[in-house]
Amino acid sequence: QVQLVESGGGLVQAGASLRLSCAASGRTFSSYSMGWFRQAPGKEREFVAAISWSGGREYYADSVKGRFTISRDNAKNTVSLQMNSLKPEDTAVYYCAASVYNYYVPQRKNDYNYWGQGTQVTVSS
């Protein structure tokens, strides 16, 4: 069982940066693949970024590639999402998620087993 708590959301102007953090409970955090998803009003939850259990592999949605960076610290049980050059279309609730699949890094929300409560990111134009 893993409990996830996100933080770091807020209201920023276009072009600004934000760093989201996700704190995980449990002794087996390092065995999970971790991902970030987002959901805008009226839209489905979509993949943003994911990282392997070791941190050696990272995957990004095309819409955020080159602007967002996912990282993890297994010693601190945290995963982060550095978001640069934010755009109004990045506005959404951002969710941290953990997957028991660690032989590949999932990019589908249905492959994730545990979810945080979400943190709101609003980017004004």
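See the structure printed just above.
Report on the accompanying structure. (Residues numbered from 1 in each chain as written. Predicted model: local features only at pLDDT ≥ 70, side-chain atom pairs only at ≥ 80, totals over all residues. Heavy atoms only, no water.)

1. Description of the environment of Tyr60
- Of note, Tyr60 is situated in strand S6 (residues 58-60).
- Remark: the alpha-carbon pair of Tyr60 and Gly116, spanning 56 residues in sequence, is separated by 19 Å.
- Leaving out residues up to four positions away in the same chain, Tyr60 has contacts with Phe47, Val48, Ala49, Lys65, Phe68, Thr69 and Ile70.
- One polar contact links Tyr60 to Glu58, side chain to side chain, over a distance of 2.6 Å.
- At 2.9 Å, the side chain of Tyr60 forms a polar contact with the backbone nitrogen of Ile70. (Helix = DSSP H or I, 4+ residues; strand = E, 2+ residues; numbered from the N terminus. Contact = heavy atoms within 4.5 Å. Polar contact = N/O pair within 3.5 Å; in protein donor to acceptor, adjacent residues only side chain to side chain.)

2. Considering the pairing of strand S4 (residues 33-39)
- Burial analysis of S4 places six of its seven residues in the buried class, the great majority of the element.
- Where S4 meets strand S9 (residues 92-99), seven bridges bridge the pair, whose relative direction is antiparallel. The residue bridging Ser33 from the neighbouring strand is Ser99, located in S9.
- Looking at chain direction, S4 and strand S5 (residues 46-51) are connected through five bridges and run antiparallel. Note that in S5 the partner of Phe37 across the bridge is Phe47.
- Count of turn residues in the S4/S5 antiparallel hairpin: six residues, of which Gly42 carries a positive phi of about 75°. (Buried < 20%, exposed > 50% of the residue type's maximum accessible area, 1.4 Å probe, protein only. Pairing = 2+ DSSP bridges.)

3. Details of the state of the cysteines
- Inspection of every chain in the model, using the stated rule, returns one disulfide.
- A sulfur-sulfur distance of 2.1 Å marks the disulfide that ties Cys22 to Cys96. Taking the sign of the S-S torsion, about -75° here, the bridge from Cys22 to Cys96 comes out left-handed. Placement of the pair is Cys22 in strand S3 (residues 18-24) and Cys96 in strand S9, with a sequence separation of 74 residues. (Disulfide = S-S within 2.5 Å.)

4. Overview of the pairing of S5
- The buried fraction of S5 amounts to five of the six residues, a majority that puts the element mostly inside the structure.
- Between S5 and S6, which pair antiparallel in sequence order, lie six residues; one of them, Gly55, sits at a positive phi of approximately 85°.

5. Notes on the packing of aromatic side chains
- Scanning the entire structure with this criterion turns up nine aromatic pairs.
- Ring geometry for Phe37 and Tyr112: centres 5.1 Å apart, planes at 75°, overall edge-to-face. Of this pair, Phe37 sits in strand S4 while Tyr112 is found in the loop between S9 and strand S10 (114-115), placing the two residues 75 residues apart along the sequence. We note that Phe37, like Tyr112, is buried.
- With a centroid separation of 5.3 Å and 55° between ring planes, the pair formed by Tyr103 and Tyr104 is classed as tilted.
- For Tyr103, a relative accessible area of 62% gives the class exposed.
- Using a relative accessible area of 31% as the deciding quantity, one classes Tyr104 as partly exposed.
- Lying over the aromatic face of Tyr95, Arg45 brings its terminal NZ or CZ to 3.7 Å of the ring centre. (Phe/Tyr/Trp six-rings, centres within 6.5 Å; stacked < 30°, edge-to-face > 60°. Lys NZ or Arg CZ within 6 Å of the ring centre and 35° of its normal.)

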